[in-house]
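# Notes for the structure review
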Amino acid sequence: MTVTVRSFAKINLGLYIGAVRADGFHELRTVYQTIALRDVIRVSVGRGSGIEISCTNKDPRVPLDSSNTCYRVAERVLDQLGVTSKVSIEIEKRLPVQGGMGAASSNAVATMIGLELALKKKLSPEARLRIAADVGSDLPLFLVGGTVLGVGRGEEVYPVTDLPALPMVVVTPEVGVSTPEAFADWDRLTRPQSSDRLFEVGCALSAWLSGLGSPNTGASAKGGSRAEKLLLDLVRTGIENDFEKVVFPKYPELRDIKGALERAGSSYASLSGSGSTLYGLFRSSGDAAKAAWRLRKQGLKAVATSTLTRQHYWKRIFD
Ligand code: C5P
């Protein structure tokens, strides 16, 4: 039996890095948002044992052994369910590797969802989240989808009132950025962060989230769309991605791409995660399409897409 699962990407709407914890991870605050770009994962089960991974695009940065996030999740799912089975996982790669869009994490969660269906067995929601967090900080968000608050090392996730679908442009430069290296660069750049900063960020995010749930955050008096108003409110909190401070000096071309997105009319442009993907949010899908076309003419790999609400994330995962 083969189950096909769409493995959607994410962006970070603001990402703040705090102190290094006793376990070596950094305390984080971020708002994750799932988007419509995706890989496809096919999970098959059969008689026997062993986990096999194949990938349509033979990028050497996608390991096909037990270090692959899909392998690591499959191993834990089988163990938790107490099942012996042969598992084949095919990754149809479209998303960039080391792109900051959570592709490897999303692939792993899609594997978990597909494997449960293929085996016709269910894990408890708590077991799913535990396995996801065990394999990587960016996995649990994909068990929630839509707009998600991430705290702790990013693995502690809370669904928040969903942002409506926002038109956007994603630019994927050729370069891959290593997240552990970006964190190490951050440590070299900054003195130990005081907890006050994350507290301040928490206050700003909490105020924004409270507004999100309120009925007054509807269409603005001047007739702007609800999405635009919600986005403006978020941008006004001063959202930024701390990784830009270490990634842009190392890869100046990425700073230039952010500038190009802004010049193409983006209302908010940023690096996603530790990059190298950059995105820009736009007022309409027409504006996003025009901007993507303009950026492609400048030789950039740009695509117009949109963010994915929680409802659409779960609906489209099996479409
Ligand atoms: O959790 P994940 O496997 O994605 O983390 C990869 C690496 O990134 C970790 O080994 C750690 O070096 C770094 N990291 C961190 N703080 C976080 C998340 C990741 O230092 N909050």
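Each value, and the rule that gives it
Residues numbered from 1 in each chain as written. Predicted model: local features only at pLDDT ≥ 70, side-chain atom pairs only at ≥ 80, totals over all residues. Heavy atoms only, no water. Phe/Tyr/Trp six-rings, centres within 6.5 Å; stacked < 30°, edge-to-face > 60°. Helix = DSSP H or I, 4+ residues; strand = E, 2+ residues; numbered from the N terminus. Buried < 20%, exposed > 50% of the residue type's maximum accessible area, 1.4 Å probe, protein only. Lys NZ or Arg CZ within 6 Å of the ring centre and 35° of its normal. Near = heavy atom within 4 Å. Polar contact = N/O pair within 3.5 Å; in protein donor to acceptor, adjacent residues only side chain to side chain. Areas by Shrake-Rupley, 256 points an atom, 1.4 Å probe, with all protein chains shown as cover. 1 Å grid on protein atoms, 1.4 Å probe; cavity = no way out; pocket = protein on both sides within 12 Å on 5 of 7 lines; lining within 4 Å. Sits in = over half its atoms within 2 Å of the grid points. Pairing = 2+ DSSP bridges. Core = buried A, V, L, I, M, F, W, Y, C linked by side-chain atoms within 4.5 Å. Contact = heavy atoms within 4.5 Å. Points joined across faces, edges and corners; volume = space filled by probe spheres on them. Nonpolar A, V, L, I, M, F, W, Y, C, P; charged D, E, K, R; others polar. Axes fitted to C-alpha atoms, helices over the stretch in contact; angles between N-to-C directions. Left-handed = near helix turned anticlockwise from the far one by under 90°. Expected span 1.5 Å × (residues − 1).

### Focus on the packing of aromatic side chains
Summed over all chains, the structure comprises 4 aromatic pairs. Summarising the aromatic geometry, the rings of Tyr 268 and Tyr 279 are spaced 6.3 Å apart at their centres and angled 55° between planes, so their arrangement reads as tilted. Of this pair, Tyr 268 sits in strand 8 (residues 268-271) while Tyr 279 sits in strand 9 (residues 278-281), and the two are 11 residues apart along the sequence. The two residues Tyr 268 and Tyr 279 agree in class, both being buried. Considering the side-chain rings of Tyr 313 and Trp 314, the 5.1 Å spacing of their centres and the 90° angle between planes classify their relative orientation as edge-to-face. Take Trp 314: its relative accessible area is 31%, and that puts it in the partly exposed class. These aromatic residues form a ring-pair network of at least three members: Phe 8, Tyr 313 and Trp 314. Over the ring of Phe 25 we find Arg 153, and its NZ or CZ is 4.9 Å from the ring centre.

### Some remarks on the site of the ligand
Neighbouring residues of the ligand: Gly 24, Phe 25, His 26, Leu 28, Gly 136, Ser 137, Arg 153, Pro 180 and Phe 183. One of the side-chain nitrogen or oxygen atoms of His 26 is found 2.7 Å away from an oxygen atom of the ligand. The side chain of Ser 137 places a nitrogen or oxygen atom 2.6 Å from an oxygen atom of the ligand. Contact with the protein chains hides 70% of the accessible area of the ligand, taken as 450 Å² for the molecule alone. One can see that the ligand is located within the largest pocket.

### A word on the pairing of strand 9
Neither face of strand 9 is left uncovered, since the one carrying Leu 278 and Gly 280 and the one carrying Tyr 279 and Leu 281 both have all their residues buried. Pairing of strand 7 (residues 167-171) with strand 9, which is carried by 4 bridges, proceeds in the antiparallel orientation. Its bridge partner lying in strand 9, Val 171 is registered against Leu 278. The pairing of strand 8 with strand 9 spans 4 bridges and is classified as antiparallel. Within strand 9, the residue paired with Leu 271 across the bridge is Leu 278. Where strand 8 folds back onto strand 9 in an antiparallel hairpin, the turn is made up of 6 residues, including Gly 273, whose phi is positive at roughly 55°.

### Notes on the nonpolar core
One broad trend across soluble globular proteins is that nonpolar side chains are buried collectively. Core analysis: the largest hydrophobic core is formed by 47 residues, its most contacted members being Val 73, Val 77, Val 87, Ile 89, Ile 91 and Leu 115. Apart from residues no more than four positions distant in its own chain, Leu 115 is found in contact with Val 43, Val 45, Ala 74, Val 77, Leu 78 and Val 87. Leu 13, Val 31, Leu 95 and Leu 149 belong to the second-largest nonpolar core, a separate cluster that totals 31 residues.

### Some details on the layout of surface pockets
Empty space within the largest pocket amounts to approximately 1,100 Å³. Lining the largest pocket are 45 residues, with Ala 104, Ser 105, Asp 138, Thr 179 and Pro 180 positioned closest to its centre. Those elements giving two or more residues to the lining of the largest pocket turn out to be strand 1 (2-20), strand 2 (26-46), helix 1 (69-81), helix 2 (103-119) and helix 4 (179-189). For the lining of the largest pocket, the class distribution of residues is 19 nonpolar, 20 polar and 6 charged. Looking at the second largest pocket, its volume works out to about 370 Å³. Along the walls of the second largest pocket sit 18 residues, with Arg 94, Leu 95, Pro 96, Thr 172 and Lys 301 positioned nearest its centre.

### Observations regarding the packing of helix 1 against helix 2
At a minimum axis distance of 8 Å, the contact between helix 1 and helix 2 shows a crossing angle of 35°. As for how helix 1 packs across helix 2, the hand of that crossing is right-handed. In contact with Thr 69, Cys 70, Val 73, Ala 74, Val 77, Leu 78 and Leu 81 of helix 1, helix 2 contributes Ala 104, Asn 107, Ala 108, Thr 111, Met 112, Leu 115 and Leu 119. For the contact of helix 1 with helix 2, the class distribution of residues is 11 nonpolar, 3 polar and no charged.

### Details of helix 2
The end-to-end C-alpha distance of helix 2 is 24 Å, a good match for the 24 Å that 17 residues give at a rise of 1.5 Å each. Burial of helix 2 is extensive: 15 of the 17 residues sit out of reach of the surface. Downstream of helix 2 by one or two residues, Lys 120 has phi in the positive range, about 55°.

### Side note on empty space enclosed by the protein
Inspection of the entire model under this criterion finds 2 cavities of 30 Å³ or more. What the largest cavity holds in volume is close to 50 Å³. Along the walls of the largest cavity sit Val 177, Ser 178, Glu 181, Ala 182, Asp 185, Val 247, Lys 250 and Tyr 251, which together make up its complete lining. Those elements giving two or more residues to the lining of the largest cavity turn out to be helix 4 and helix 7 (244-250). Looking at which element gives the most residues to the lining of the largest cavity, the answer is helix 4, with 3 residues. Grouping the constituent residues of the lining of the largest cavity by class yields 4 nonpolar, 1 polar and 3 charged. In this model, the second largest cavity occupies a volume close to 30 Å³. Arg 6, Ser 7, Phe 8, Ser 106, Val 109, Ala 110, Ile 113, Tyr 313 and Ile 317 are the residues that line the second largest cavity. If you list the elements that add at least two residues to the lining of the second largest cavity, you get strand 1 and helix 2. Here the residues of the lining of the second largest cavity are counted per class, giving 6 nonpolar, 2 polar and 1 charged.

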